[in-house]
Amino acid sequence: MLRRTTVALAAALLLAGLAPPAHAQQGESYVALGDSAAAGPLVPDQVLPDLGCLRSDRNYPHLTARALGAASFRDVTCSGAKTRHMYQPQETELGSVPPQLDALRPDTTLVTVHIGANDVGLTGFIEDCLNLLPPPVGDACYNDYTDENGQDTWRVKTEALRPTLVTLAGDIRARSPQARIFLVGYATYARPDGCYPRVPIIRQDANYIRATLMYFNRMLAEQAAAAGIGFIDLQTPSAGHDPCASPGVRWIEPYIPASPAAPFHPNALGMRNFATIVTGAVTAAAR
């Protein structure tokens, strides 16, 4: 969910923070697929390989693998990934990375998938809603997301993604027939009415972002059910931990982060809590 210029800058800043991936232990054979919401850009430490993906060794897939005592673990999450990058290489500012589905094996037993926001343009959406001059001087951003037919363009893109997700689940299952597959939803990025000017998104736009992401997460849950895979809700438990919350409480950083994380992405506290949620859901489903 990051633009290429952000990826290049962040990679340059983080070269000193390289660390090896976590050691796997006995248990699941786990593969994590997804975009920056899972990768953890700017959360220390950023790891090789594929530094251009801005992948943290303290993102929730790594922490989940440790909590589960995974026998093997492959994290191929990558900032900026779209669903097409499950199947084809992704270009980053530091080179090309392989298709994410290449990480799957016949003996893989667990797969988490955190994807879709880049397909519908979440990064540009939130950037557009930054409003330093509220109405009547500044304009509300939600007015820009209606087409000539009066349709909400964000919702049109969301609907168009439905069959892609079902197909993706089937393709994961074909490569890893033993795997339990979980589609992971997105966290809370805006609270009701927002908190202008602390986070400079005006009330109308905060409510639009909130409603739109709730719609998107419902779509993800519905398509997970249609595909016969699990869905892990991060939106509900992250309420109250959105960018409006104070440092030490929030799980998602605002436009100017107070903790090492990309704007409107999970910080280390968020990743720890997401790992607890994901681990709990995976463990409960195995009972």
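Everything numeric here is computed off the predicted structure, so don't read it as measured data.

1. A short note on the overall build of the chain
Okay, step 1: Scanning the chain from N- to C-terminus turns up 9 helices and 7 strands.
Okay, step 2: Expected size for 287 residues packed as a compact globule is a radius of gyration near 19 Å; at 18 Å, the chain falls within 12% of this value.
Okay, step 3: Of the contacts formed within the chain by residues at least 6 apart in sequence, a portion of 72% connects residues at least 24 apart.
Okay, step 4: Summing over all exposed atoms, the chain offers an accessible surface of approximately 12000 Å²; the carbon and sulfur share of this is 56%.
Okay, step 5: Looking at charge distribution, the chain has the averaged site of its 23 positive side-chain charges lying 6 Å from that of its 26 negative ones.

2. Notes on the pairing of strand β1 (residues 29-34)
Okay, step 1: The buried fraction of β1 is high, at 6 of 6 residues.
Okay, step 2: Side-chain alternation along β1 places Ser29, Val31 and Leu33 on one buried face and Tyr30, Ala32 and Gly34 on a second face that is also buried.
Okay, step 3: Examined bridge by bridge, β1 and strand β2 (residues 72-75) share 4 bridges and lie parallel to one another. Looking across to β2, one finds that Tyr30 is bridged to Phe73.
Okay, step 4: Where β1 lies against strand β5 (residues 110-114), 5 bridges are found, and the strand directions are parallel. Across the sheet, the residue bridging to Val31 is Val111, located in β5.

3. Quick word on the pattern of salt bridges
Okay, step 1: According to the stated counting rule, one finds 10 salt bridges in the structure shown.
Okay, step 2: The closest approach of N and O atoms between Asp75 and Arg55, which form a salt bridge, is 4.0 Å. Note that Asp75 is positioned in strand β2 and Arg55 in the loop between α2 (36-39) and α3 (60-68), a separation of 20 residues in sequence.
Okay, step 3: Among the residues examined, Asp75 registers a relative accessible area of 10% and is labelled buried.
Okay, step 4: Given the relative accessible area of 3%, Arg55 is considered buried.
Okay, step 5: The salt bridge involving Arg175 is made with Asp102; its shortest N-O contact spans 3.7 Å. Of this pair, Arg175 sits in helix α7 (residues 162-175) while Asp102 is found in the loop between β4 (95-97) and β5, placing the two residues 73 residues apart along the sequence.
Okay, step 6: Residue classification places Asp102 among the partly exposed residues on the basis of a relative accessible area of 41%.
Okay, step 7: Salt bridges sharing common partners tie together Asp45, Asp57 and Arg58.

4. Here's the deal with the nonpolar core
Okay, step 1: If you look at the biggest cluster of nonpolar residues, it comprises 68 residues, and the most contacted ones within it are Val113, Trp154 and Ile172.
Okay, step 2: At 9 residues, the largest contribution of residues to this core is made by helix α8 (residues 203-227).
Okay, step 3: Beyond its immediate chain neighbours, meaning those up to four positions away, Ile172 contacts Leu33, Leu101, Leu104, Val111, Val113 and Ile181.

Criteria and thresholds
- Residues numbered from 1 in each chain as written.
- Predicted model: local features only at pLDDT ≥ 70, side-chain atom pairs only at ≥ 80, totals over all residues.
- Heavy atoms only, no water.
- Helix = DSSP H or I, 4+ residues; strand = E, 2+ residues; numbered from the N terminus.
- Rg over C-alpha atoms; globule rule 2.2 N^0.38 Å.
- Contact = heavy atoms within 4.5 Å.
- Areas by Shrake-Rupley, 256 points an atom, 1.4 Å probe, with all protein chains shown as cover.
- Lys, Arg positive; Asp, Glu negative; His and termini not counted.
- Charge placed at Lys NZ, Arg CZ, Asp CG, Glu CD.
- Buried < 20%, exposed > 50% of the residue type's maximum accessible area, 1.4 Å probe, protein only.
- Pairing = 2+ DSSP bridges.
- Salt bridge = Lys/Arg side-chain N within 4 Å of Asp/Glu carboxyl O.
- Core = buried A, V, L, I, M, F, W, Y, C linked by side-chain atoms within 4.5 Å.

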